[in-house]
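Breakdown of the fold
The lines below spell out each chain.
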Amino acid sequence: MSETQNLTLVQAVRDGLYTEMREDDDVLVLGQDVGKNGGVFRATEGLFDEFGGDRVVDTPLAESGIVGAAVGMAAMGLKPVPEIQFSGFMYPGFDQIVSHMARFRARSRGRYTLPMTLRAPYGGGIRAPEHHSESKEAFYAHEAGLKVVIPSTPSDAKGLLAASIRDPDPVIFLEPKLIYRAFREAVPEGPHTVPIGEAATRREGEDVAVFTYGAMTRPTLEAAENLAEEGIECEVVDLRTISPLDREAIVEAFEATGRAVVVHEAPKTGGLAAEITAIIQEEALLYQEAPVTRVTGFDVPYPLYALEDYYLPTAARIEEGITEAVEF
Amino acid sequence: MVVGDIATGTEVLVIGAGPGGYVAAIRAAQKGLDTTLVEKDAYGGACLNRGCIPSKALITGSGLAHEAGNAEFMGVHADPAVDMGQMIEWKDGVVDQLTGGVEKLCKANGVNLVEGTASFVDDRTVRVAHGGAGQGSESIEFEHAIVSTGSQPIQIPGFEFAADHIWSSADALDAETVPDRLGIVGGGYIGMELATTYAKLGAEVTVVEMLDDILDPYEDDVKRIVRKRAEELGVEFHFGEGASGWSEGADGGYLLQTETEEGEESTYGVDKILVAVGRQPVTDGLDVENAGIETDDRGFIETDDRTRTAVEHIHAVGDVAGDPMLAHAASKEGIVAAEVIAGEPAALDQQAIPAAVFTDPEIGTVGMTESEADDAGFDPVVGQMPFNASGRAMTTGHTDGFVRLVADEETGFVLGGQIVGPEASELIAEVTLAIEMGATIEDVAATVHTHPTLAEAVMEAAENAQGQAIHTLNR
Amino acid sequence: MPVKEFTLPDVGEGVAEGELVTWLVAPGDRVEEDQPVAEVETDKALVEVPSRYDGVVEELFAEEGEIVPVGDVIISFRVDEDGEDADSGTSEEPAESGESGEADADSDGDTAAEPDGEPADEPDGDVPSGRTFAPPSVRRLARELGIDIAALDGSGPGGRISEADVRAHAEDDASEPRPAPADIGSGDRKSAVSKRDASGDDADSSAAATMPDAAEPAAAVEPAGRETTLATPATRKLARDLNVDIDDVPTDETRDGEAFVADEAVQAYADALEGSVDAESAPADTVAVSDSGASESVDETVPYRGVRRTIGKQMERSKYTAPHVSHHDTAEVDALVEARERLKPKAEAAGVKLTYMPFVMKAIVAGLKEYPYLNSELREDEEEIVLKGEYNLGIAVATDAGLLVPVVENVDEKGLFELAAEVRDLASRARDRKLKPAEMKGSTFSITNFGAIGGEYATPIINYPETAILGLGAIEERPVVRDGEVVAAPTLPLSLSIDHRVIDGAVAAEFANTVMEHLEHPLLLLTQ
């Protein structure tokens, strides 16, 4: 099928849900406001009318209940796609996530797996009050048994979501809401998947490898374009899957350049940049010409919107980080 | 939107869906650009909803009624009754069809439509307020923008449109009953078109104009014909007078007060007062300063020949960008803006923009008049054909007026045309094409025109310019 | 909008030509009246040429570095309609294409995009809003091909322009590089001058100081010149500390299929390099000229233009016109030294740095008053010698661009401190290239103080069209004979060159004597 439509990221998510629900009757959606309201970000718009209340379920405001119910459904053969309205509200369901969602396969020695995909809009930059701008993918990356996927483009959003839904194991699918509507892209119509665990090279360059994901991909590319004018060519790698990381892509990109920068909006300490730095140390020390630079959020609770612009990495801050790595 | 502010990104943001905006949006989408069109009121803008289209509908309706009622000389005896309410309903139907059509065309071309009122936050962001309670607002971040917010009638202090008896042109085009006496302040093209319309609908029309003649930018011989015909229709003209105020009349109507420059006062008894003294750009609430856009001292946005404002990635088209304040100029500008944004070498390089006045008789002009050609350094040669020498004109019963062509003596290039008479608004198109193509007067004269048509007069005028007209005496 | 041509204006008295040093605008740029469009060098002044119009730059008619006669067209503009010109003309003045000469070709590989299809976003073919007799499709084609349609003559009746006309014109242009509206600045014109010897600027036209040879003897160790080298971070640090490029360290070890370098290899390489004659090791991040490390001396080429060339021409003219004779003598300046010492505190209090120059200037004026033939000009064609009524002394100043001679006017009317301040000001502005052309004209006699740098005697070249010049050596203690004894005394060597067509040796000697007298007895300066 070579037909495409121009969709925003959230429209692509919706299209992904719709397509998978049509392909497989076991797929269902549950969460707050997903049914009759069509989702507060319109991610489930029209699904209720199309598939009915049995497959598009409006739940009470109870995250542990949403996750727990989904765990049960998945254990018994359904393919639930629970939505938590903001990733900052996953915490009330954290116990269900780590104690059960992550452990079913191990607990049952493979007898049961949980083909569930927990979707949540995540990340900041939208002028929201407390709890609505979290970027704590590191919590889930640290839990074996969970996959963590973060798309940065509409086409990847649809494809990775479809792949997550089809995956027999649980996936945490975080959607960067800052760029939900920031741009449109041609998205293939009909069933479309993108492999989990594979990074994508967004830009080629030989001077430094810059690793990033989610909403930070755009300012990183902007920084790379600006630096190209000064003769610094960046290889920009969009990780797309945070857990498991595409170690091969990371090492390959690093070996080709000898320098690396990692950009994420999540706080610095214990963030994915630390993990990537460790991988580089283990696998490619001899290629290293400079310390890995981390351009990240700060080790503070996510600020309210008057300070939001200082917290998030901007193209300028990313450029500084890259320049640091290149000039070492 | 529950919490937070997620901006929508777009490549081209068009503000205003009038003939400038919707055309620009469609062309931009055709060029493959992600385009968003914001409109706060109705698609098609003033042109479709309160201007060009409604006025032509009423002009046709009133014209038809008048025509039929005055055709005894042809052997047609009739005394038509006009149901104004029904005419307005029909007019509304036409308007709805057209605005619906604009919406469909936009969607079919992939333009994203947003309803609301836009205002600039900075030179890359716009806030759109959705009308109505609880509807909130959204942010749109754009790479390029086209401002096409149009114009609105100028309101004279003391003559606020909010009053029932003070009409703007929009009110005049929505009136369900014909007033007995209509006072019109302003003898420009809007005032004159409506004067003719209402005179034909049976109103007693009085036109008050500050200058000493109607239709200021046109040549004397053109104005004279239109004025005389209006007087024949019963329109009363008072020149050199400016509206100074109004008061309630003893008879339930109103008294329109005027004053000359010397201070002489006059009063006219009217039932409605139509104020048609010009149009001003619509920019309030748009906050153009936030984007760094510059306007001139009358509020028009300044643009260059590629429709760019002081901010390179923001364009302005149509009435908001100033003269010529014509719908077709807006559309042309809209197309140029979209193509410039798409990286094409487009520019406003048209040699002339035609204009039409739908009075009785109609006026259609394009390019230079004889004296303009002279001032520009050409050596003009002029050819003319009066409609009273046109066979076709005679068979319509309308023989007032003429076709005049102006050309350069040395090269023969057609420089301009002025047509007064039946279908002048249509006939002028040929002259416009001649100018754009760089046709010579010989080319026009040598082109065979169908007989019997009014268009033949254009050919004859060309022949006349060459001193070899068949059907008129050569100058 | 009509096209207006602009000729090089007369920028200084009698200047017949100028060198167009830099264009400050490019075709397609919008300019305002009075906005500088070019820098032109005439004699020794760098002058900005302002636009006379509001409009858009149409075409440039001179290349940077070209000498343009005054009155020649250098640039044309497409002028705004409501600007200077009332008659929005017809295409009566399309740029006389004959005169257009070479378009300003910027031969940078990256900016001059191939002229096929759409140029990116630069407004190349500017939009005419005057009459253009061409159909809309043809106008658009012209814009696409980057052709100015107003400059075309159409082949149709009345000059109407057709598609064929436009295409034919495009093909003609194809051979010449299209003026890229991109930066017409220095592009990648290499400044071949690496170092200018600031010291060598005598009044004498000396050749430029010798350039150091980029000589590198053959290195004993061949650098490896790799692209990728594996090494631990510690080894890399060692390489950096030893100022060695790790990619150059020879090694036999490999890991992972790539060359691997350990500390020992780095150290060994660094030692080997030091052992060979000190070559300038290129810092790690500059592009190495060649991997093998140049082992031959390479000539360096310096452009001969601008002020240097102007000086050259002046010197040539002076020396080859006037028969120069030099007269040397030495003044014993004990009293002068003391006088200056005495006056120094007063000068400082007045905010003035008092050198010997003002004293010398006054002494010279004294001499010139007695011997006016040294303050003169020979006009051979008129067959007359003009004895000048003013005493305007040119003071030679060495600057980065070469020798400049600002003029102190009416030295006879100014006091010592005033002269000191003025000389200081002129010298500093000369070094900053901020002198106005007028300040370098009108001298009647010149002084060159090479002694400030060092030296005793020289043979200065007269500053045309003057007839004499005085060179000052360094004031130093030298042996003199007094009362039959050799003693050390401060002396000031003088080198006077004269034009023998006007002045005879005897007069020169007498002039010199007078000057020395006033230097040796500073009180005499009071009688001036």
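Computed from a prediction, not measured in an experiment: that's the story for all the values here. (Residues numbered from 1 in each chain as written. Chains lettered and ligands numbered in written order. Predicted model: local features only at pLDDT ≥ 70, side-chain atom pairs only at ≥ 80, totals over all residues. Heavy atoms only, no water.)

1. A few points about the overall build of chain B
Each helix and strand counted, chain B has 13 helices and 22 strands in total. Looking at the 475 residues of chain B, the share that counts as buried comes to 55%. Taking the contacts inside chain B whose residues are at least 6 apart along the sequence as the reference set, 60% of them involve residues at least 24 apart. Summed over its atoms, the accessible surface of chain B is roughly 20,100 Å², and 48% of this surface lies on carbon and sulfur atoms. (Helix = DSSP H or I, 4+ residues; strand = E, 2+ residues; numbered from the N terminus. Buried < 20%, exposed > 50% of the residue type's maximum accessible area, 1.4 Å probe, protein only. Contact = heavy atoms within 4.5 Å. Areas by Shrake-Rupley, 256 points an atom, 1.4 Å probe, with all protein chains shown as cover.)

2. Some points on the interface of chain B and chain A
At the junction of the two partners, chain B supplies 12 residues and chain A supplies 15 residues. Here chain B meets chain A over a buried area of about 1,100 Å², counting both sides, of which 57% is carbon and sulfur. The tally of links from chain B across to chain A stands at 1 salt bridge. In this structure, R184(A) engages D34(B) in a salt bridge whose closest nitrogen and oxygen atoms are separated by 3.4 Å. In this structure, the connection of chain B to chain A is made through 7 residue pairs in polar contact (both at pLDDT 80 or more). Looking at the side of chain B that touches chain A element by element, the count peaks at 3 residues for strand β1 (residues 8-15) of chain B. Its residues assigned to classes, the side of chain B that touches chain A comprises 5 nonpolar, 5 polar and 2 charged. (Buried area = accessible area lost by both parts, 1.4 Å probe. Salt bridge = Lys/Arg side-chain N within 4 Å of Asp/Glu carboxyl O. Polar contact = N/O pair within 3.5 Å; in protein donor to acceptor, adjacent residues only side chain to side chain. Nonpolar A, V, L, I, M, F, W, Y, C, P; charged D, E, K, R; others polar.)

3. Overview of the packing of helix α3 (residues 63-75) of chain A against helix α4 (residues 94-101) of chain A
Residue and element names in this part refer to chain A. Across the interface, α3 lies against α4 with an axial gap of 8 Å and an inter-helix angle of 25 degrees. Classed by the angle they form, the pair α3 and α4 counts as roughly parallel. Contacts from S64, V67, G68 and V71 in α3 reach Q96, I97, H100 and M101 in α4. Of the residues assigned to the contact of α3 with α4, the class counts are 4 nonpolar, 4 polar and no charged. (Axes fitted to C-alpha atoms, helices over the stretch in contact; angles between N-to-C directions. Parallel < 35°, antiparallel > 145°, perpendicular 65-115°, else oblique.)

4. Observations regarding the packing of aromatic side chains
Residues and elements named next belong to chain A. Using the criterion set out here, one finds 17 aromatic pairs over all chains in the structure. For the ring pair F94 and F139, a centre distance of 6.2 Å and an interplane angle of 80 degrees mean the geometry is edge-to-face. In this pair, F94 is assigned in helix α4 and F139 in helix α6 (residues 137-141), connecting sequence segments 45 residues apart. The class of F94 is partly exposed, set by a relative accessible area of 28%. (Phe/Tyr/Trp six-rings, centres within 6.5 Å; stacked < 30°, edge-to-face > 60°.)

5. A few points about helix α8 (residues 217-228) of chain A
Its 12 residues place the ends of α8(A) 16 Å apart at the C-alpha level, agreeing with the 16 Å of an ideal helix rising 1.5 Å per residue. Residues of α8(A) that are buried in the fold lie against β9 (200-203), β10 (208-212), β11 (234-238), β13 (260-267) and α12 (315-327) of chain A. (Expected span 1.5 Å × (residues − 1).)

6. Description of the interface of chain B and chain C
The partner chain C presents 23 residues to the 25 residues of chain B that form the contact. Both sides together, the interface formed by chain B and chain C hides about 2,100 Å², and carbon and sulfur atoms give 50% of it. Looking only at chain B, the three residues that lose the most surface to chain C are P345(B), Q351(B) and F413(B), adding up to 31% of its buried area. At the boundary of chain B with chain C, the tally comes to 6 salt bridges. Of the charged contacts in the structure, one is a salt bridge between R160(C) and D443(B), with a shortest N-O distance of 3.1 Å. Seen at the junction of chain B and chain C, the total is 8 residue pairs in polar contact (both at pLDDT 80 or more). Ranked by residues supplied to the side of chain B that touches chain C, first place goes to helix α11 (residues 424-437) of chain B with 3 residues.

7. As for the sheet that holds strand β8 (residues 166-167) of chain B
All names here are of chain B. The strand order across the open sheet built from 5 strands is β8-β15-β9-β10-β11, with neighbouring strands paired in parallel fashion. Both edges of this open sheet fall to β8 and β11 (236-239), since each of them pairs with a single strand only. Both strand β9 (residues 181-185) and strand β10 (residues 204-209) contribute to a ladder of 5 bridges, which runs parallel. Bridging across to β10, I184 finds its partner in V207. (Pairing = 2+ DSSP bridges.)

8. A word on a nonpolar patch on the surface
Together, F73(B), M74(B) and V76(B) give the surface a local cluster of nonpolar side chains, amounting to about 310 Å² of exposed area. Structurally, V76(B) can be placed in the loop between α3 (52-69) and α4 (84-108). (Patch = residues over 30% accessible without salt bridge, like charges linked within 9 Å, V, L, I, M, F, W, Y side chains within 5 Å.)

9. With respect to the side chain of E377(C)
Residues and elements named next belong to chain C. By the element assignment, E377 lies in strand β12 (residues 376-379). Look at E377 and you get buried, because its relative accessible area is 14%. For E377, the side chain forms a polar contact with the side chain of K388, separated by 2.8 Å. Residue contacts for E377: discarding those within four places in its chain leaves E384, I385, V386, K388, P465 and T467.

10. Description of a negative patch on the surface
On the surface, E370(B), E372(B), D374(B), D375(B), D379(B), E409(B) and E410(B) cluster together into a patch of negative charge. Mapped onto the elements of the fold, E409(B) is located in the loop between β21 (402-408) and β22 (414-421). (Lys, Arg positive; Asp, Glu negative; His and termini not counted. Charge placed at Lys NZ, Arg CZ, Asp CG, Glu CD.)

11. Quick notes on the sheet that holds strand β14 (residues 293-297) of chain A
All names here are of chain A. Taken together, 5 strands build an open sheet; the order of strands is β9-β11-β10-β13-β14 and the sheet is mixed. Among the strands making up the open sheet, the edge pair consists of β9 and β14. With strand direction ignored, the average angle separating the axes of adjacent strands in the sheet is 25 degrees.

12. Examining the side chain of D148(C)
Residue and element names in this part refer to chain C. Looking at the element boundaries, D148 is found in the loop between α1 (136-144) and α2 (163-175). Taking relative accessible area as the criterion, D148 reaches 16% and is therefore assigned buried. Within the structure, the side chain of D148 is placed 2.7 Å from the side chain of R78, a separation counted as a polar contact. A distance of 3.1 Å separates a polar side-chain atom of D148 from the backbone nitrogen of A150. Among residues more than four places away in sequence, those in contact with D148 are E58 and R78.

13. Some remarks on unusual backbone geometry
The linkage connecting S243(A) with the following residue, P244(A), adopts the cis geometry, with an omega of 0 degrees. Assignment of secondary structure puts P244(A) in the loop between β12 (241-243) and α9 (247-257). Backbone torsion omega between D323(B) and P324(B) reads -5 degrees, so that peptide bond is classified as cis. The phi angle at D287(B) is positive, at roughly 55 degrees, despite the residue not being glycine.

14. A look at the pattern of salt bridges
All chains considered together, the criterion is met by 65 salt bridges over all chains. Measuring nitrogen to oxygen at the nearest pair gives 2.9 Å for the salt bridge that ties D238(A) to R202(A). Pair noted here: D238(A) is in strand β11 and R202(A) is in strand β9, with a separation of 36 residues, a long-range link. Under the relative-accessibility criterion, R202(A) is labelled partly exposed at 30%. Of the charged contacts in the structure, one is a salt bridge between R181(B) and D251(B), with a shortest N-O distance of 3.1 Å.

15. So, the pairing of strand β4 (residues 79-83) of chain A
Residue and element names in this part refer to chain A. With 4 of 5 residues buried, β4 is to be regarded as a mostly interior element. In this structure, strand β2 (residues 27-31) lies alongside β4, joined through 5 bridges in parallel fashion. The residue of β4 that forms the bridge with V27 is K79.

16. Considering the confidence of the model for chain B
When pLDDT is averaged across chain B, the result is 94; 99% of the residues are at 70 or more. Overall fold confidence for the complex sits at a pTM of 0.66, while the interface term, ipTM, reaches 0.81. (pLDDT = per-residue confidence, 0-100.)

17. Describing the environment of L58(B)
Residues and elements named next belong to chain B. Mapping L58 onto the fold places it in helix α3. As for L58 and I88, which are separated by 30 residues in sequence, their C-alpha atoms are 7.9 Å apart. Residues in contact with L58, not counting those within four places in the same chain, are G63, M84, M87, I88, A172, L173 and T197.

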